[in-house]
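So you can see what is in the structure, the chains are spelled out below.
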Amino acid sequence: MSSALPRRIAAVVTLLALLVLSACAAGPASHARQVAAQPSPSASPSASPSPSASPTARPTPGSLDWYVSQAPTFPEAPPPQPVPLPVTGPIPFWHRLPTDQKVAFITIDDGGLARPPAVADFIWRAHIPVTMFLNSPAAEEHDEYFRQIQVAGGVVENHTIRHNSLAGRSYDYQKQEICGAADKLETLFGKRATLFRPPFGEYDSTTLEAARDCGAKAVLHWSETVHEGKVRYQTPEKVVQPGDVLLMHFRPALMDDLLAALKAIHRAGLTPALLEDYIR
Ligand SMILES: [Zn+2]
């Protein structure tokens, strides 16, 4: 096991210093600055994919370099204007964020099924903002994997403990599932979850109450799903709209799903942004 990721961060910081010195601090540099400023995850070593700076101009299809080369170049994201949140009463449940800003949001769920090893490096190198809605047992078992994505800029949020449907269950049951996961995720990743996604998107008014009582500011559904490299629109427009939330999972084709989401967001003239910059 190596400590490739911390080393890579150190390398990037050095590179960044050079870039800043040469007055060339563009988007990627500011991203690197932001990531480098985060507390380093306890970073015991990990199954980090080795950095692979390919000397060839044409990366092998399916390699990390290839995925990075296929990622679209986006217009700079607008400065985020957080959406209004109710001061009292139930927290909101959103399929799409109420914003006109030209942004869309990538979310990745679950965590127990598959964890393709190159994802953290892809997110890091292509500057992909992602929110992970994790089940706490999977997060605990594979914490180092998710911490690498956190270092790359990803944010961990709450998706219950057992991934059971919450709709129709008692307040106590729902609160145990939501608060129990929030407590565990906070211990693992050092941040209290502020967003909640109910398993299968199934919820009732008790869910909103329990989620609020466990620290959530909003409950998120989705407007598109992405699976095996294909985007499926849940809305009649068949194009990503401002504020849309794209759902994918930690499954074997996650690299393809990330790429498909980026391309769909790019086709729509939008830029991927971080949910937590808009729900504060
Ligand atoms: Zn799920």
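Counting restarts for each chain, with residues numbered from 1 along the sequence as it is written. Thresholds applied to this predicted model are a pLDDT of at least 70 for local features of residues and 80 or more for the giving and counting of side-chain atom pairs; totals over whole chains, interfaces and linings are not thresholded and use all residues. With hydrogens and water set aside, each side-chain value is computed from the structure's full complement of heavy atoms.

## Looking at the packing of helix α4 (residues 119-126) against helix α9 (residues 254-267)
Then step 1. Between N-to-C directions, angles cover 0 to 180 degrees, with each direction set by a line fitted to C-alpha atoms, over the stretch in contact for helices. Where helices and strands are cited, they refer to DSSP runs of H or I of at least four residues and of E of at least two residues respectively, numbered from the N terminus. Here α4 crosses α9 at 25 degrees, and the two axes come no closer than 10 Å. Here α4 is positioned roughly parallel relative to α9, judged by the angle of their axes. When the axes of α4 and α9 are compared, the crossing they make is right-handed. Contacts between α4 and α9 pair Val 119, Phe 122 and Ile 123 from the former with Leu 254, Met 255, Leu 258, Leu 259 and Leu 262 from the latter. We call two directions roughly parallel when the angle between them is under 35 degrees, roughly antiparallel when it is over 145, roughly perpendicular when it lies between 65 and 115, and oblique otherwise. Helix crossings fall into two classes, left-handed where the near helix is turned counterclockwise from the far one by less than a right angle and right-handed where it is turned clockwise. Contacts are assigned to residue pairs that have any heavy atoms within 4.5 Å of one another.

## A closer look at helix α6 (residues 143-151)
Then step 1. Accessible area is worked out with a 1.4 Å probe on protein chains only. A residue is then buried under 20% of its type maximum, exposed over 50%, and partly exposed in between. Summarising burial for α6: eight of the nine residues are buried, a large majority.
Then step 2. Turning to α6, its buried residues are Glu 144, Tyr 145, Phe 146, Arg 147, Gln 148, Ile 149, Gln 150 and Val 151.
Then step 3. Looking one or two residues beyond α6, the residue adopting positive phi is Gly 153, at roughly 115 degrees.

## A word on the nonpolar core
Then step 1. Grouping buried Ala, Val, Leu, Ile, Met, Phe, Trp, Tyr and Cys residues that are joined through side-chain atoms within 4.5 Å yields what is termed a nonpolar core. Core analysis: the biggest nonpolar cluster contains 43 residues, and Ile 106, Phe 122, Ile 128, Leu 134, Ile 149, Phe 250 and Leu 258 have the highest contact counts within it.
Then step 2. Top element by residues in this core is α9. It accounts for nine residues.
Then step 3. When near neighbours in sequence (up to four residues on either side) are disregarded, Ile 149 contacts Val 119, Ala 120, Ile 123, Val 130, Met 132, Gly 154 and Phe 250.
Then step 4. Within the second largest apolar cluster, 16 residues are counted, among which are Val 83, Val 103, Phe 133 and Ile 279.

## Points about the state of the cysteines
Then step 1. Disulfides are defined as cysteine sulfur pairs within 2.5 Å. Under the criterion given, the structure shown has one disulfide.
Then step 2. With its sulfur 2.0 Å from that of its partner, Cys 179 forms a disulfide with Cys 214. Where Cys 179 bonds to Cys 214 through sulfur, the torsion about that S-S bond is close to -105 degrees, and the disulfide is left-handed. Taken together, the residues Cys 179 in helix α7 (residues 171-189) and Cys 214 in the loop between α8 (205-213) and β6 (218-220) connect sequence positions 35 residues apart.

## Things to note about the packing of aromatic side chains
Then step 1. Note on aromatic contacts: the rings of Phe and Tyr and the six-membered ring of Trp form a pair at centre separations within 6.5 Å, being stacked when their planes are under 30 degrees apart, edge-to-face when over 60 apart, and tilted otherwise. Following the criterion strictly, the structure yields seven aromatic pairs and no others.
Then step 2. Ring centres 5.2 Å apart and planes at 90 degrees place the aromatic pair Tyr 145 and Phe 146 in the edge-to-face group. Both residues of the pair, Tyr 145 and Phe 146, belong to the buried class.
Then step 3. Judged by centre distance (6.1 Å) and plane angle (75 degrees), the ring pair of Tyr 145 and Phe 250 falls under edge-to-face. Of this pair, Tyr 145 sits in helix α6 while Phe 250 is found in the loop between β9 (245-249) and α9, placing the two residues 105 residues apart along the sequence.
Then step 4. Cluster of aromatic residues (ring-pair linked, three or more members): Trp 66, Tyr 67 and Phe 122.
Then step 5. Across the ring face of Tyr 173, the terminal group of Arg 169 is positioned such that the distance to the ring centre comes to 3.8 Å. A ring is considered to have a charge above it if a Lys NZ or an Arg CZ atom is located within 6 Å of its centre and within 35 degrees of its normal.

## Looking at unusual backbone geometry
Only a minority of non-glycine residues have a phi that is not negative, and only a minority of peptide bonds are not trans.
Then step 1. For Phe 200, which is not glycine, the phi dihedral falls at a positive 65 degrees.
Then step 2. A positive phi is found at Glu 228, a non-glycine position, where the angle reads about 50 degrees.
Then step 3. By the element assignment, Glu 228 lies in the loop between β7 (224-227) and β8 (230-233).

## Let's talk about the side chain of His 221
Then step 1. For His 221, the location among the structural elements is in the loop between β6 and β7.
Then step 2. You can call His 221 buried: its relative accessible area is 11%.
Then step 3. Ignoring sequence-local partners within four residues, the contact set of His 221 consists of Phe 93, Trp 94, His 95, Arg 197, Gly 201 and Val 245.

## Comments concerning α7
Then step 1. The end-to-end C-alpha distance of α7, which contains 19 residues, comes to 26 Å, matching closely the 27 Å that a straight helix rising 1.5 Å per residue would cover.
Then step 2. Within α7, burial applies to Tyr 173, Gln 174, Glu 177, Ile 178, Cys 179, Ala 181, Ala 182, Leu 185, Leu 188 and Phe 189.
Then step 3. Phi turns positive one or two residues past the end of α7, at Gly 190, with a value near 75 degrees. To estimate the expected span of a helix, subtract one from its residue number and multiply by 1.5 Å.

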